[in-house]
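Residues per chain, in single letters:
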Amino acid sequence: MADLERVVENTAACEPNRIEQVAAPWRGKSKAQTLLALESRLCTAAVPPLEVVSLVDWLNQPGRVLSRLKARNWSCMAVRSSAAQEDGTESSMAGAFLTRLNIRPEELAEACGQVAWAMAEHPGDHQFFVQPMVEDVVIAGVAFTHDPNGGGPYYVINYSEGERTDAVTSGDAAGLQACYIHHAAPAGPVPLAGVVALLRELGSLFSEMALDVEFAVRRDGAVVLLQVRPLVLRVSQPDPKAHTAWMERIAGRVAAGQASHPFLFGKRTVYGVMPDWNPAEIIGVRPRPLALSLYKDLVTDAIWAYQRDNYGYRNLRSFPLLQSFEGIPFIDVRVSFNSFLPKDLPDDLAERLTDHYLDTLVAHPTWHDKVEFDVVFSCYSFDLPDRLERLMAAGFTRADTETLADSLRRLTHRIIHHGQGLWRQDRAKLDILAAKRKTILESGLGAPEKIYWLLEDCKRYGTLPFAGLARAGFIAVQLLRSLVEAGVFSEDERDQFMGSLETVSSEMSRDFRQMSKSAFLARYGHLRPGTYDITSPRYDAAPELYFDWSSRQDHPSSSTKSFSLTLDQFRRIEDLLARHGLEDNLLGLFDFLKAAIEGREYAKFVFTANLSDALELFAGWGEEMGFSREDLSFADIGVVTRIVGGTDDPCDLLLRSITDGKERHSRTSCIVLPPLITCPDQVWSFHLPPSAPNFVTQKRITAPVTLADGGREGLQGRIVLIPAADPGYDWLFTCNIAGFITQYGGLNSHMAIRAQELGLPAVIGCGEALYRNWSKARRLQIDGVGKQVTVLM
């Protein structure tokens, strides 16, 4: 903190009239001239000395220029372009021209020639400049004075540790880190204080315009400015005072969550975008208001808690699971962890467990997308007694662990029981939903009434049983994993079992080969990438975007594989069931494993039909009043209930909802928050945490990289990057892709299960930082055994 105060004081002491000296001639200055203007004026950083050479001088008198450069006696140099087209306010041309680093005197002529000729083919009054290489570098990176994506008032610092000053700009830095610091961050220690002081000073010098800054930090802590240029923003910048007020509201909500609650166990809470009903995977971190309101209504306001209560967990029915921080959806993790406690667990143990779970997540933030695997004990499995040993290391007693194990055993038995398992009742409700949907669509009800009843039935007979089957599916996956841990199955044998499942996804791949186009779309046409997104076309609305009908016969067959147990495995599993007190037989267990995983995917398939039809009706109804899908994506689904239950003017009510939604989403778009918030300070400044991706299969592949946002063209044989493990991306499996990577998602997600079935290499939930880096690559290698992704090009 003392260092930061010192550099701030030094900045304030600088002569005030220098601001105009730098800011006024910005538009007429080259990259080199800007650095020369700053060289003697900066208080918070040093600018390495530089020799500026015009392209004309180099072409006419290279010998004289070389003599001047070598007279500086620099032993190791950088030769950088300063082209006329670089660093404009409309286009930076970043990386378009050549830079040569670590040049020795004997290499200088060649390096200057290369940099010069790279500019010579472009018209303009070009320059290049030569500087000594910065020595003793420990940190180097690129910083922006505003968020380049949303325009918000953040210092965005991307850096890596090491001697290379081009590690970030070259895109091949190992251990790349990203830090966000709000301009109005409260006083106190901040990461990279010296760099922040430089950014504040440059912002003042250039009248708060958005800047792109390259920097290095020496071993002695001194900051070195390597380059500064305008940051070209394609979005509007919010009012800084208003933005600060929004952040203060979020920080206030987080601060309120640090206190105990009379009806919850746990001394405090944390907030995450991935735990439990991970909204980042399903609707994204900045969903439009319609998608957010639908997700809250169909799942996270009440349905989620009804299901947990029905299955024997604590009753949290009055608690919404999802909190909206200015439109960014976060899970209240304390509420979530309370809902994983069995009802019959003593209160004292429940309190200590909740605090332990929360402390574990705070200590291991990369586990935020796999809390049920690595943090919480929510069901019984064959390896549970061994996993409970970590509670003993945390101060729990043997009696505590036995009490928890007994409680989870009873709860799990009620769920998986062959005859009376709770999942069977949920599976039966799905047939009711399909029948009622047909009745609603064929009725004479108006569009608002049809939408209302489709969504009401979707909750009662769709998302509620889906939540139950998803819980059963998770338990099935845990039991399978524990069979591997117990040595009954190998990883390959578990994969073989997964490949033997008959899920909707495997059926869709087979039907794509065998069905007519019309029959295929009649069955699968309601699916869409972005299940809750009205702007995302359904399969039947844009089939050519997702499927290549001419090459269906070239699509590899995805017939399910056979799976069988050996006699030894049969006996060992029977022994495990008896030894662990799970009152079921082997056939009943495997009936559950198969039905639970298949049922979860089928439930998702069925309930999304109601949701998809409701969205289409909403689009058609809105179009009659002059609203586009884009407009309607900003509405709140609550307007439908108001219209059905009252006499409000539909057009006026919808217009007001859209207008309010657009204003709210403009705030959402310029706010950046970490994926896990553990204290109010993290609202103001944070590092993006390194993620621990989930690898599917043990295969190794090398392939070109592409994004899935352009449809099916050019996907064959490539590693495809998609933002979330959403079931609407099933069409990818008809495109002969080599593998895929998702930014969000967990091992239990739809796409992870599907990849397991197909034996398709995948990386699920790599996080924002890795996703951003890998999406810039041209070629990647995925190593499932080594659990590593390598950028090759």
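Rules used in this analysis
Residues numbered from 1 in each chain as written. Predicted model: local features only at pLDDT ≥ 70, side-chain atom pairs only at ≥ 80, totals over all residues. Heavy atoms only, no water. Pairing = 2+ DSSP bridges. Helix = DSSP H or I, 4+ residues; strand = E, 2+ residues; numbered from the N terminus. Phe/Tyr/Trp six-rings, centres within 6.5 Å; stacked < 30°, edge-to-face > 60°. Buried < 20%, exposed > 50% of the residue type's maximum accessible area, 1.4 Å probe, protein only. Lys NZ or Arg CZ within 6 Å of the ring centre and 35° of its normal. Salt bridge = Lys/Arg side-chain N within 4 Å of Asp/Glu carboxyl O.

Draft legend 1. Here's a closer look at the sheet that holds strand 11 (residues 322–325). Ordered in space as 11-12-10-13, the four strands form an open sheet in which the pairing is antiparallel. Two strands bound the open sheet, and with one partner strand each, they are strand 11 and strand 13 (676–677). Bridging between strand 11 and strand 12 (residues 328–332) involves four bridges; their strand directions are antiparallel. Opposite L322, over in strand 12, you have I331 as the bridge partner.

Draft legend 2. Inspection of the packing of aromatic side chains at higher detail. Within the structure shown, the criterion is met by 30 aromatic pairs. Ring geometry for Y271 against F325: centres 5.1 Å apart, planes inclined by 65°, an arrangement best described as edge-to-face. In this pair, Y271 sits in strand 10 (residues 271–272) while F325 sits in strand 11, placing the two residues 54 residues apart along the sequence. Summarising the burial analysis for this pair, Y271 and F325 share the class buried. Relative to W453, the ring of Y452 lies with its centre 5.1 Å away and its plane at 85°, an arrangement referred to as edge-to-face. Taken together, F512, F520, Y524, Y539, Y546, F547, W549 and F605 form an aromatic cluster joined through their ring pairs. Lying across the ring of Y306, R317 places its NZ or CZ 3.8 Å from the centre.

Draft legend 3. Broad picture of the pattern of salt bridges. Following the criterion strictly, the structure yields 49 salt bridges and no others. Between R352 and D400 there is a salt bridge, with its nearest N and O atoms 3.0 Å apart. Of the two residues, R352 is situated in helix 13 (residues 347–363) and D400 in helix 17 (residues 398–416); the sequence distance between them amounts to 48 residues. Judged by relative accessible area, which is 31%, R352 ranks as partly exposed. Given a relative accessible area of 11%, D400 falls into the buried group.

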